[in-house]
Amino acid sequence: MRSRSVGRPRSGVPEVVLVQGMAVSDYLLPGLGAFGQWTWAHLVELPGFAGSGDPPHELDVPEFGRCVADWLSAQELGPVVLVGHSSGTQVAARAALWHRDVVAVVLASPTVDPVARGWVRLLIRWRLDSRREPEGLSDSHRPEWRRAGMRRLVHTVHVHLKDALEDSVAQLGVPLLVIRGRDDRIGTARWGRRLTRLVPEGACIEVPGAHTFPWLDPQAWSDPVRRLAARVGPPQ
């Protein structure tokens, strides 16, 4: 698994580990850079996508989660805030259940909202959201889509549609922050609020933008994640 890291470790500040979205990773680099302004931040690319090698077989969401948990164990980073974007929220929530160094979880643009569980419903919502996304986003995705290939893309969408994020979230024992773009048409505000009610300590905030809001406005998630990290980090 390839990872890309920016910033530097800072005393008393948890590192941030960011899990890529559906088959694509490069669009998260601006957001990674924003995290790197105040901690050491890492973007993890899942097997079969972006710069990572192919898996021995096509993976489902629990297996992707185990890969991230194993990566955390191998890196020995200490306390981390685990952040997922889009389908990466499902993977991050799974990984957090299996690694004790995760001190908080952030779900940005969480999927898959129950109102979009189904190929047709998801496609319709994706098309509606794409009208609100900035120009050039799809162009940035295409090289990574080609690298994944159509069969792997279809399989990946299928396994994420079968995975109920709320089941993983309900088992979390660490603080949870949900961040949603106000113009997101893939996930609803009601869904974000529902997720936070499943944990002892949860919060949901909305920021400007659509589903991929961090691409144009990295500070939109960096600032709230920084405040969360300051609250859950070890004493200095």
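Below, the structure is looked at part by part.

### With respect to the sheet that holds strand E4 (residues 80-85)
Then step 1. Pairing is mixed across the open sheet formed by seven strands, whose spatial order is E1-E3-E2-E4-E5-E6-E7. Bordering the open sheet on either side are strand E1 (3-6) and strand E7 (202-207), each of which pairs with just one other strand. Neighbouring strand axes in the sheet, compared pairwise and without regard to direction, differ in orientation by 20° on average.
Then step 2. With five bridges connecting them, strand E2 (residues 15-19) and E4 associate as parallel partners.

### Observations regarding the packing of helix H2 (residues 61-75) against helix H3 (residues 88-97)
Then step 1. Running from amino to carboxyl end, H2 crosses H3 at an angle of 60°, the nearest separation of the two axes being 8 Å. Comparing their axes, H3 and H2 come out oblique. Viewed along their axes, H2 and H3 form a crossing whose handedness is right-handed. Between H2 and H3, the residues in contact are Val-61, Pro-62, Phe-64, Gly-65, Val-68 and Ala-69 and Gln-90, Val-91, Arg-94 and Ala-95, respectively.
Then step 2. Its residues assigned to classes, the contact of H2 with H3 shows seven nonpolar, two polar and one charged.

### A short note on a nonpolar patch on the surface
Then step 1. A cluster of nonpolar residues, Trp-119, Val-120, Ile-124, Leu-128, Met-150 and Val-154, forms a patch on the protein surface that exposes about 610 Å² of accessible area.
Then step 2. Looking at the nonpolar patch, the elements that each hand over two or more residues are helix H4 (119-130) and helix H6 (150-162).
Then step 3. When residues of the nonpolar patch are assigned to their parent elements, the largest contribution, four residues, is made by H4.
Then step 4. Along the chain, Met-150 turns up in helix H6.

### Here's the deal with helix H9 (residues 219-232)
Then step 1. Between its first and last C-alpha, H9 extends 20 Å over 14 residues, near the 20 Å set by a 1.5 Å rise per residue.
Then step 2. Listed in full, the buried residues belonging to H9 are Ala-220, Trp-221, Ser-222, Pro-224, Val-225, Leu-228, Ala-229 and Val-232.

Rules behind the numbers
- Residues numbered from 1 in each chain as written.
- Predicted model: local features only at pLDDT ≥ 70, side-chain atom pairs only at ≥ 80, totals over all residues.
- Heavy atoms only, no water.
- Pairing = 2+ DSSP bridges.
- Helix = DSSP H or I, 4+ residues; strand = E, 2+ residues; numbered from the N terminus.
- Axes fitted to C-alpha atoms, helices over the stretch in contact; angles between N-to-C directions.
- Parallel < 35°, antiparallel > 145°, perpendicular 65-115°, else oblique.
- Left-handed = near helix turned anticlockwise from the far one by under 90°.
- Contact = heavy atoms within 4.5 Å.
- Nonpolar A, V, L, I, M, F, W, Y, C, P; charged D, E, K, R; others polar.
- Patch = residues over 30% accessible without salt bridge, like charges linked within 9 Å, V, L, I, M, F, W, Y side chains within 5 Å.
- Areas by Shrake-Rupley, 256 points an atom, 1.4 Å probe, with all protein chains shown as cover.
- Salt bridge = Lys/Arg side-chain N within 4 Å of Asp/Glu carboxyl O.
- Expected span 1.5 Å × (residues − 1).
- Buried < 20%, exposed > 50% of the residue type's maximum accessible area, 1.4 Å probe, protein only.

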